[in-house]
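Here's the letter readout for the chains.
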Amino acid sequence: MATINVRRDVKDSFYRYKMPRLVSKVEGKGNGIKTVVPNMTEIARALSRPPAYPTKYFGCELGAQVKCDDKNERYIVNGEHDAEKLQTILDGFISKFVLCASCRNPETDILIKNDDILMDCKACGAQNVADMRHKLSTYIVKNPPAQASKNQRRQRKAATAQANGEGHGPGGGFVEDEEASDDDIISQRINKEAAGLNMESKLVQEDWSEDTSEAAVAQRMKELAVKGVGAFGTEDDDEGENKYDLFGAWLEEQENPADDDIIAKAEELGVYGKYKACQVLVQCIFDESIATQIPKRVKLLRKFITEEKHQKAALGGMERLVGLEYKDVLLKKVPTILMKLYEADVIEDDVFIKWGEKPSKRYVDKDISKEVKKAAKPFLEWIATASEEESEEESD
Ligand SMILES: [Zn+2]
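Here goes a summary of the coordinates provided. If you're wondering where the values come from, they're calculated on a predicted model, not measured in any experiment. (Residues numbered from 1 in each chain as written. Predicted model: local features only at pLDDT ≥ 70, side-chain atom pairs only at ≥ 80, totals over all residues. Heavy atoms only, no water.)

Quick notes on the coordination of the zinc ion
- In this structure, C100 (SG), C103 (SG), C121 (SG) and C124 (SG) serve as the protein donors to the zinc ion, at separations of 2.3 Å.
- Taken together, the four donor atoms coordinating the zinc ion and their angles of 106 to 113° define a geometry best described as tetrahedral.
- Taken in sequence order, the residues that donate to the zinc ion follow the motif C-x2-C-x17-C-x2-C. You can see C100 sitting in the loop between α3 (83-97) and β7 (108-113) and its partner C124 sitting in the loop between β8 (116-121) and β9 (127-129), a full 24 residues away along the chain.
- Among the residues examined, C124 registers a relative accessible area of 41% and is labelled partly exposed. (Donors = N, O, S within 2.8 Å, 3.2 Å for Na, K, Ca; no water. Tetrahedral: all angles 85-135°; square planar, octahedral: opposite > 155°, others 65-115°. Helix = DSSP H or I, 4+ residues; strand = E, 2+ residues; numbered from the N terminus. Buried < 20%, exposed > 50% of the residue type's maximum accessible area, 1.4 Å probe, protein only.)

Comments concerning the packing of helix α8 (residues 242-253) against helix α9 (residues 259-269)
- As a packed pair, α8 and α9 sit with axes 10 Å apart at the nearest point and diverge in direction by 155°. Comparing their axes, α9 and α8 come out roughly antiparallel. You can see that α8 and α9 cross each other, and the crossing is right-handed. Residues K243, L246, F247, W250 and L251 of α8 form the contact with α9, whose own contacting residues are D261, I262, K265, A266 and L269.
- Of the residues that constitute the contact of α8 with α9, the class distribution is seven nonpolar, no polar and three charged. (Axes fitted to C-alpha atoms, helices over the stretch in contact; angles between N-to-C directions. Parallel < 35°, antiparallel > 145°, perpendicular 65-115°, else oblique. Left-handed = near helix turned anticlockwise from the far one by under 90°. Contact = heavy atoms within 4.5 Å. Nonpolar A, V, L, I, M, F, W, Y, C, P; charged D, E, K, R; others polar.)

Topic: the packing of aromatic side chains
- As enumerated under the stated definition, the model contains 10 aromatic pairs in all.
- Centre to centre, the rings of Y342 and W382 are 5.0 Å apart; their planes meet at 90°, and the pair counts as edge-to-face. Taken together, the residues span a long stretch of sequence, with Y342 in helix α15 (residues 334-343) and W382 in helix α18 (residues 377-395) at a distance of 40 residues.
- Relative accessible area serves as the criterion here: at 3%, Y342 is assigned to the buried category.
- Look at F379 and W382: their rings are 5.8 Å apart centre to centre, the planes differ by 50°, and that puts the pair in the tilted class. In this pair, F379 and W382 are both assigned in helix α18, three residues apart and thus about one turn of the helix distant. (Phe/Tyr/Trp six-rings, centres within 6.5 Å; stacked < 30°, edge-to-face > 60°.)

Here's the deal with unusual backbone geometry
- Of note, N114 is a non-glycine position whose phi angle comes to about 55°, a positive value.
- Assignment of secondary structure puts N114 in the loop between β7 and β8.
- With relative accessibility at 31%, the residue N114 sits in the partly exposed group.
- Positive phi, normally seen in glycine, also occurs at D115, with a value near 65°.
- Mapped onto the secondary structure, D115 falls in the loop between β7 and β8.

With respect to the pattern of salt bridges
- If you walk through the whole model with that rule in mind, you get 15 salt bridges.
- Ionic pairing is found between D91 and R8, a salt bridge with its closest N-O pair at 2.7 Å. Residue D91 is located in helix α3, and its partner R8 is located in the loop between β1 (3-5) and β2 (18-20); the two are separated by 83 residues in the primary sequence.
- For the salt bridge of D131 with R133, the shortest nitrogen-to-oxygen distance reads 3.3 Å.
- On the accessibility criterion, D131 (23% relative accessible area) is partly exposed. (Salt bridge = Lys/Arg side-chain N within 4 Å of Asp/Glu carboxyl O.)

Considerations on α8
- Counted at 1.5 Å a residue, the expected span for α8 with its 12 residues is 16 Å, and the 16 Å between its end C-alpha atoms agrees.
- Of the positions making up α8, those classed as buried are Y244, D245, F247, G248, W250, L251 and E252. (Expected span 1.5 Å × (residues − 1).)

Some remarks on the sheet that holds β9
- Judged by pairing direction, the sheet is antiparallel, and its three strands sit side by side in the order β7-β8-β9 without closing on themselves. The two strands at the open ends of the sheet, each matched to only one other strand, are β7 and β9. If you compare each strand with its neighbour and ignore which way they point, the axes differ by 30° on average.
- Sheet topology note: the β8/β9 ladder contains three bridges and is antiparallel. The partner of M119 across the bridge, within β9, is N128. (Pairing = 2+ DSSP bridges.)

Here we look at the environment of C278
- Of note, C278 is situated in helix α10 (residues 275-285).
- Apart from the residues lying within four places of it in its own chain, the contact partners of C278 are F304, I305, H310, A313 and A314.

A word on a positive patch on the surface
- A surface patch of positive charge is lined by K358, K361, K366, K370 and K374.
- One can find K366 in helix α17 (residues 366-375). (Patch = residues over 30% accessible without salt bridge, like charges linked within 9 Å, V, L, I, M, F, W, Y side chains within 5 Å. Areas by Shrake-Rupley, 256 points an atom, 1.4 Å probe, with all protein chains shown as cover. Lys, Arg positive; Asp, Glu negative; His and termini not counted. Charge placed at Lys NZ, Arg CZ, Asp CG, Glu CD.)

Considerations on the pairing of strand β5 (residues 66-69)
- Direction of pairing for β5 relative to strand β6 (residues 74-78): antiparallel, over a ladder of four bridges. If you follow C68 over to β6, its bridge partner there is Y75.
- Remark: four residues form the turn of the hairpin made by β5 and β6, two consecutive strands paired antiparallel; E73 in that turn has positive phi of roughly 50°.

Regarding the sheet that holds strand β4 (residues 34-36)
- Strand order in this open sheet of four strands is β3-β4-β6-β5, and the pairing throughout is antiparallel. A strand with exactly one partner marks an edge of an open sheet, and here the two such strands are β3 (25-27) and β5. Direction aside, neighbouring strands of the sheet carry axes that sit 25° apart on average.
- The strands touched by helix α2 (residues 52-62) within the sheet are β5 and β6, with β5 carrying the most contacts at an inclination of about 175°.

Take a look at the structure:
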């Protein structure tokens, strides 16, 4: 089978990303004329996308009806279209929905976050939002690739947990979801427990108000000074540690900066998309009111906290905030803080569980880490059970 470069603008025959050249076969005639792409499955596999994505893309671009029969691997576009024309349209699909917008490498995964399509680049680590105005984007969001489907379920679940915990609506009823499926029964049970845990945590919380007194601010600045240059980077790499300190110092200076400004600053400093930025972000944009601040920053957190590494760093930032800055007030609120992060759907169950397993001296002294993780126990026990039930459900 003839192969071509995934990026046809690259003429190098040693370019490592190849795909089969598109084959088309016209069937029928008159009004029933249609074009079959017999090797769509192979092309899609080379691009790591479900075959329905490029097929639907053809439909959008040509204004033609398409038919995707995954079971029989038959992908059809109505009308008569030659292979070269389809190949050129496929270039557009690859450019929009396969290549990384930052480095043009095709090794990207599609992640659906907050109804945005993120192209997660394995080569450079960038996560760019796909062209959400394209009609295909709506289809992709509704039909995420298989690996994204678990994520979506989690988002739904977190949304219901939040609705329950915060008692929205009469009787704190569940959010109706048109996609409700069998696993919602389990979800509901978990959500009830989550709501229960919220209640418990609320009982142990005393009133607190944001301490913006001069003394408190002065104290924070002093602590920041103590952190000094290099405080945010203990693991060496060639990214230049200073950028993180600059990012942290900038965040501390701002009074309630807007999400977009934070992203712009992170981009300017070259730390956007880097996992260490997650640690700095969590440590610096939140204070002793972190539990009430997290829900207001969900969108921002989702933009920064992506892969497992980023999730771990965010938990590290939380450990530093609790352990180094506000231990007296925040230690007993750790389960609530973790629950808020869970509800924000930025950290996966497994990452919470692994994080809680043993104290680590990566972000704080081992003793402090031990204290924080001990304080986290009610949450960790809950998530272990919830997660177990979820995987039992999945294996059925
Ligand atoms: Zn890239």
